[in-house]
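A structural walkthrough
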Amino acid sequence: MDPKTKYHLFKDNKNFCAMPWNGFEIYPTGDIKTCAMGRTKLGNVHDKPLTDILHAEPIRKIKQNMLDNKPDSNCVHCHRRYADDNNFTYLRDHYNKLLVKRDVNYLDLDEFKLNTIDLHWSNICNLRCVMCNPEQSSLIAKDENFQMNAIDDDTIENITQMILDNQYNMQELYLSGGEPFYIPHNVKLLKRIDNKDIHMRINSNMQWIKNNPFLKVLLNFRNVQLTMSADAIGEKFEYIRNGSKWDLFRHNVEYIRNETNFEIRLNTIFSIVNAGSICDLIEHFYFEQDIKDITINLLYGPKPLDARNYPSHLKQEVADRLTALKDKIGIQNTNLSNNLANCIMQINLPKELEYETSMDTLTQRHNKDWREIFTDLV
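What you are looking at is a predicted structure, and each value in this text was computed from that prediction instead of being measured. (Residues numbered from 1 in each chain as written. Predicted model: local features only at pLDDT ≥ 70, side-chain atom pairs only at ≥ 80, totals over all residues. Heavy atoms only, no water.)

With respect to the overall build of the protein
Helices and strands together make up the secondary structure of the protein, namely 17 helices and 11 strands. The buried share of the protein, taken over its 378 residues, is 55%. Counting only contacts in the protein whose residues sit at least 6 apart along the sequence, the fraction spanning at least 24 positions is 72%. With an accessible surface of roughly 17,000 Å², the protein has 47% of that area assigned to carbon and sulfur atoms. Of the charged side chains in the protein, 46 are positive and 52 negative; the average position of the first set lies 2 Å away from that of the second. (Helix = DSSP H or I, 4+ residues; strand = E, 2+ residues; numbered from the N terminus. Buried < 20%, exposed > 50% of the residue type's maximum accessible area, 1.4 Å probe, protein only. Contact = heavy atoms within 4.5 Å. Areas by Shrake-Rupley, 256 points an atom, 1.4 Å probe, with all protein chains shown as cover. Lys, Arg positive; Asp, Glu negative; His and termini not counted. Charge placed at Lys NZ, Arg CZ, Asp CG, Glu CD.)

Right, dumping it as structure tokens:
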């Protein structure tokens, strides 16, 4: 591809993202999407071969709109963030930075080279998080008697072989879930990868023990970024991430920091259940644990737990504390500051739904009533 054309595509095209030419996400149901934020279902591996999906009309349409510098509905989250949030770093920016040096002809709608992949290929999980669903938690699926058509072994092998064939060129291998530390496919995949320098990005709830099979294999790799998921500290953490233990989380964080060369970061979700305490979480990890790479995502579901539905008489107090923390962090970390600004925006939106019924339903999976833990919501 002509270097000048490529330069302007990455630099000037506000709707361009390299991901559709370089990778994809596979979901536990078999759905294929461009990435974790992609809205369009490109196809399902139960219905047609993966190679056909990666060259079919849905992804070609997305690519063409990008080349024409037109917003596509698939990319609404990244486009909205880029347009409204003062260049706030989001998934589009992550992939463009990651893939800009790859040798790809972006003018060819049929071009595809596996340079990154997002593997959500199983819902096996050891927790029942309040913001989760049966498609991403096997325990919730069991509770709700949800039957999911799991990805077949042939597709798993085909994807595994794609990764192995490209392991020395890939820029990122992203493992999520479910819980990656408990998904057998991940152990089998890593055992077959020879390139121990391959960059891996992994999301984990940090609820594993040292003899975990996945951890044992992962320790052989030299370029691992481990994203730990937490939304509060103490008993609120244990309630939100149902089945978790805060002490185990802290113990595993210390183990990773002291005994491995993994890069570690924090990911959290802003909702009504942690709106009143999220600043405690950020202050704990940012100032006390010296973990500066922190991402705060806004909750997309269940809708009643959206932070906008937080008790109206307490919203200003939350907004004021978020503002104070944002100002304290300031330009030291513009990405986190902009994340906090998004939380302020969300908490100030008009209330749409009542949350009590949803919280009562969640309580059925706990030993304590939610009113005992989240007293601000009572």
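Side note on the packing of aromatic side chains
Tallying each qualifying case throughout the model produces 16 aromatic pairs. These aromatic residues form a ring-pair network of at least three members: Phe10, Phe16, Trp21 and Tyr106. Cation over ring: Lys292 sits above Tyr286, and NZ or CZ is 3.9 Å from the ring centre. The ring of Phe287 is capped by Lys328, whose NZ or CZ atom sits 4.3 Å from the centre of that ring. (Phe/Tyr/Trp six-rings, centres within 6.5 Å; stacked < 30°, edge-to-face > 60°. Lys NZ or Arg CZ within 6 Å of the ring centre and 35° of its normal.)

Focus: the environment of Ile373
Tracing the sequence through the fold places Ile373 in helix H17 (residues 370–373). Among the residues examined, Ile373 registers a relative accessible area of 6% and is labelled buried. Note: C-alpha distance between Ile373 and Glu235 (138 residues apart in sequence) is 7.4 Å. Contacts of Ile373, omitting those with residues within four sequence positions, involve Glu235, Lys236, Tyr239 and Lys368.

Brief notes about the packing of helix H13 (residues 278–288) against helix H14 (residues 315–329)
Axis separation between H13 and H14 bottoms out at 10 Å; the angle between their running directions is 20°. Comparing the axis directions of H13 and H14 gives the class roughly parallel. By crossing handedness, the relation of H13 to H14 is classed as left-handed. Residue-level contacts link Ile278, Cys279, Asp280, Ile282, Glu283, Tyr286 and Phe287 of H13 to Arg321, Leu322, Leu325, Lys328 and Ile329 of H14. Grouping the constituent residues of the contact of H13 with H14 by class yields eight nonpolar, no polar and four charged. (Axes fitted to C-alpha atoms, helices over the stretch in contact; angles between N-to-C directions. Parallel < 35°, antiparallel > 145°, perpendicular 65-115°, else oblique. Left-handed = near helix turned anticlockwise from the far one by under 90°. Nonpolar A, V, L, I, M, F, W, Y, C, P; charged D, E, K, R; others polar.)

Examining the environment of Lys101
Inspection of the secondary structure puts Lys101 in the loop between helix H6 (91–99) and strand E4 (116–119). Distance in space between the C-alpha atoms of Lys101 and Leu175 is 23 Å, their sequence separation being 74 residues.

With respect to the confidence of the model for the protein
Averaged over every residue, the pLDDT of the protein is 94; residues scoring 70 or more account for 97%. Predicted confidence is poor over residues 82–88, with pLDDT under 50, and the contacts of this stretch with residues over four places away or in other chains come to 14 contacts. (pLDDT = per-residue confidence, 0-100.)

Thoughts on the pairing of strand E8 (residues 224–229)
For E8, the tally of buried residues reaches six of six residues, placing the bulk of the element in the interior. Every second residue of E8 is oriented toward a common face, with Val224, Leu226 and Met228 on one face and Gln225, Thr227 and Ser229 on the other, all of them buried. In this sheet, E8 lies alongside strand E7 (residues 200–204) in parallel orientation, the contact comprising five bridges. Each bridged residue has a counterpart across the sheet, and for Ile202 the counterpart in E8 is Leu226. Remark: the E7/helix H10 (residues 213–218)/E8 crossover connection has right-handed handedness. Bridge count for E8 against strand E10 (residues 263–270) is five bridges, and the pairing is parallel. (Pairing = 2+ DSSP bridges. Right-handed = clockwise from strand over helix to strand, strands pointing away.)

Section: the pairing of E7
A large share of E7 lies buried, amounting to five of its five residues. Burial of the side chains of E7 extends over both faces: Met200, Ile202 and Ser204 are buried on one face and Arg201 and Asn203 on the other. Where strand E6 (residues 172–175) meets E7, three bridges bridge the pair, whose relative direction is parallel. The residue bridging Tyr174 from the neighbouring strand is Arg201, located in E7. Taken together, E6, helix H9 (residues 184–192) and E7 constitute a β-α-β crossover, and its handedness is right-handed.

Quick word on the packing of H14 against helix H15 (residues 334–347)
As a packed pair, H14 and H15 sit with axes 9 Å apart at the nearest point and diverge in direction by 165°. Taken together, H14 and H15 sit at an angle that is classed as roughly antiparallel. Judged by the twist between their axes, the crossing of H14 over H15 is left-handed. Note on element contacts: H15 touches H14 through Leu336, Ser337, Leu340, Ala341, Cys343, Ile344 and Ile347, opposite Lys315, Val318, Ala319, Leu322, Thr323, Leu325, Lys326 and Ile329. Class assignment for the residues of the contact of H14 with H15 results in 11 nonpolar, two polar and two charged.

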